[in-house]
Amino acid sequence: MRIGVPREIKPDEHRVGLSPGAVRELIAHGHVVVVQAGAGEGSGFPDAAYAAAGARMAADAEDVFRGAQLIIKVKEPQAVEWARLTPDHILFTYLHLAPDPAQAAGLQDSGCTAIAYETVTDAQGGLPLLAPMSEIAGRLSVLAAAQHLQKHNGGMGLLFPGVAGSPPARVTILGGGMVGTNAARMAVGLGAQVTVVERSIPRLRVLDDLFAGRIRTRYSSLDVVEAEILAADVVIGAVLAPGAAAPRLVRREHLARMTPGSVIVDVAIDQGGCFETSRPTTHHEPTYIVDGVVHYCVANMPGAVPRTASEALGNATLPFVLKLADHGLEALASDPHLARGLNVHKGHLTHPAVAKALEQEPADPFGVWA
């Protein structure tokens, strides 16, 4: 199979879909890999490393897409990339279609087959290709919060761990999954007072055991969410509904009752955000203020650490990339977990949560949702 790796063009995105090591593995399986010049530079992978691994180097994205059967990316395709996709392409990348009807329409119009990293599952019911970025985003969310609590960044001027005689930051984390757990780990390590709000009792028990009393856990309800966000100096939105738009847990009316200079970090912004006042931001302009509350809503947080993120993502995706390269669409027929990653096929939305969010009827070409 001919596999294309274009350079990411979303603003502030420096990750790359395949490392030179992954390229070498694919070539060893008999595949041809075409990499756009400069695709790996932001992650510390020079063109020479790809050439040494056996990749064919392309001068521009047109050369990468032309003739490729499988396109490997990191972030969702931009409008100029939709126009390059055809029914002959399989696209494998993060998509986050639920809050993005324009992208969904672009992919449907292209006729391509689009598989989303974030909805591929595993035998334990997890999301193995979302997990590494969730780990990174969870940890970065706390670093971002600590930075933006500082007065010159718009915050209240609070030192995250406090000092003797002065209390630390109070951090509320909405969601106890992969993002929330890693955020809690980082926040506890930096000395904050941490509360995790979660609606799964079994997950709350896991967190209670994991942190051995070093965090507070609370069952999620309207009263609890309201009480905890109003008491917090930092609120981290870490909720996830696979494939679907994130639930809006914090409303505009709450902000005026929060302490001025509080910070909210919306890690769920890729799925539309879990704060009513959230809108996507970039690493160059990461924050804005609404009713005195600092909002950090960077839509590609792991892009700030592209070397770590590209390696972690590649480790997780390579087995699936090999399946697709070796077997094409037959890989979806034989692997229901990979098939659950399918979001668009022959002009139809195929993931039920995505289709529901975009008010369409889902197709089920591989019978995984029956």
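For the structure itself, consult the block above.
Values in this document were obtained by computation on a predicted structure and should not be read as measured data.

Visitor: Tell me what's going on with the sheet that holds strand 10 (residues 234–237), and back it up with residues and numbers.
Guide: Taken together, seven strands build an open sheet; the order of strands is 9-8-7-10-11-13-12 and the sheet is mixed. The open sheet has two free edges, formed respectively by strand 9 (216–219) and strand 12 (287–290), since each of these has just one partner strand. Going from strand to strand, the sheet's axes swing by 20 degrees on average, the running direction of each strand aside. With four bridges connecting them, strand 10 and strand 11 (residues 263–266) associate as parallel partners. Paired with Val234 across the two strands is Val263, which belongs to strand 11. The strands touched by helix 7 (residues 178–189) within the sheet are strand 7 (170–174), strand 8 (193–198) and strand 10, with strand 8 carrying the most contacts at an inclination of about 170 degrees. Along the sheet, helix 8 (residues 201–211) contacts strand 8 and strand 9; its crossing angle with strand 9, the most-contacted strand, is approximately 175 degrees.

Visitor: Pulling in residues and values, what's your account of the sheet that holds strand 14 (residues 342–345)?
Guide: Reading across from one edge, 3-2-1-4-5-6-14-15 is the order of the eight strands in this open sheet, with mixed pairing throughout. The open sheet has two free edges, formed respectively by strand 3 (56–58) and strand 15 (348–349), since each of these has just one partner strand. Bridging between strand 1 (residues 2–5) and strand 2 (residues 32–36) involves four bridges; their strand directions are parallel. Residue pairing across strands places Arg2 opposite Val32, the latter belonging to strand 2.

Conventions used here
Residues numbered from 1 in each chain as written. Predicted model: local features only at pLDDT ≥ 70, side-chain atom pairs only at ≥ 80, totals over all residues. Heavy atoms only, no water. Pairing = 2+ DSSP bridges. Helix = DSSP H or I, 4+ residues; strand = E, 2+ residues; numbered from the N terminus. Axes fitted to C-alpha atoms, helices over the stretch in contact; angles between N-to-C directions. Contact = heavy atoms within 4.5 Å.

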